[in-house]
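# Notes for the structure review
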Amino acid sequence: MKKTAEPVGIGGRFVKFFASIKLTVVLLLVLAATSVIGTLIPQNQSPAVYVRAFGEVFSRLLFGLGFFDLYHSWWFQTLLVLLTLNIVVCSLDRLKVVGKIVFQANPKYRPARFNNAPRSEVALPRGALFVKERAEALVMSRYRHVHVAPEGKGYTIFGERWRWTRLGVYVVHLSVVMLLLGGLVGSLFGFDGFVQIPEGEGVQMVQLRNSHETI
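Residues numbered from 1 in each chain as written. Predicted model: local features only at pLDDT ≥ 70, side-chain atom pairs only at ≥ 80, totals over all residues. Heavy atoms only, no water.

The end-to-end C-alpha distance of helix α7 (residues 168-189) is 32 Å, a good match for the 32 Å that 22 residues give at a rise of 1.5 Å each. Along α7, the positions that sit buried rather than exposed are Tyr170, Val177, Leu180, Leu184 and Ser187. Buried residues in α7, looked at end-on, bunch into an arc of 95°, giving them a common side. More than 90 degrees from the buried face of α7, the exposed residues found are Val171, Leu174, Met178, Leu179 and Phe189. Buried residues in α7 make contact with α5 (74-102). (Helix = DSSP H or I, 4+ residues; strand = E, 2+ residues; numbered from the N terminus. Expected span 1.5 Å × (residues − 1). Buried < 20%, exposed > 50% of the residue type's maximum accessible area, 1.4 Å probe, protein only. Arc of directions from axis to C-beta. Contact = heavy atoms within 4.5 Å.)

Following this line, the structure appears as structure tokens:
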């Protein structure tokens, strides 16, 4: 059995850690659990509200852990950063292999890929060469990359198109990264406030929700 080479150096261990799908699953589960907690516990209320709901000791513990302003807590922001790094590193690590498939000029035909594919056999009244010429012309008219190879007593004609669709998953990954970055920016610099704007007038001050501070 061939042994897989272990990552060398800090960079190799960094890539191995953040390219793990297991890490993605763990981070998503933790973020989901904390988001549920943030939904169940009212956010940014006055201390008296939390003391009445949880008691003085437990409310101090939850306040110290940042559960009363969960989406601005340092550990929630850390989770967002870790998940962003995980998706970026994981995508780049696999993009190297996909890029070789998508951007190669002459794709190689590997018969083993089709060993388990459904197939049927028919009798040819005119011989394999005649059918090969007609089939090759048909495949070339519909597919961009065509490969013809002799196989046994006949020929194999391989056609391929739309290889670029393998990049679709990375577009989805990019959109998730943008969402995470947006959430991180909102967590670091965002605020929750309200203001009344009479019709036809304007205001320059916004009062933060559940506090007397104005911006």
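Before going further, it helps to spend a moment on the environment of Arg94. Relative to the elements of secondary structure, Arg94 occurs in helix α5. Taking the relative accessible area as the measure of exposure, Arg94 reaches 33% and is therefore partly exposed. Sequence spacing of Arg94 and Tyr170 is 76 residues, and the spatial spacing of their C-alpha atoms is 9.7 Å. Beyond its immediate chain neighbours, meaning those up to four positions away, Arg94 contacts Ala19, Ile21 and Tyr170.

Take the pattern of salt bridges next. Per the counting criterion, the structure on display carries two salt bridges. Residue Glu56 pairs with Arg60 through a salt bridge whose shortest N-O separation is 2.9 Å. Here Glu56 and its partner Arg60 are both found in helix α4 (residues 56-64), four residues apart, which amounts to about one turn of the helix. On the basis of relative accessibility, which here comes to 59%, the residue Arg60 falls in the exposed class. One salt bridge connects Asp93 with Arg94, and the closest N-O pair in it is separated by 3.9 Å. (Salt bridge = Lys/Arg side-chain N within 4 Å of Asp/Glu carboxyl O.)

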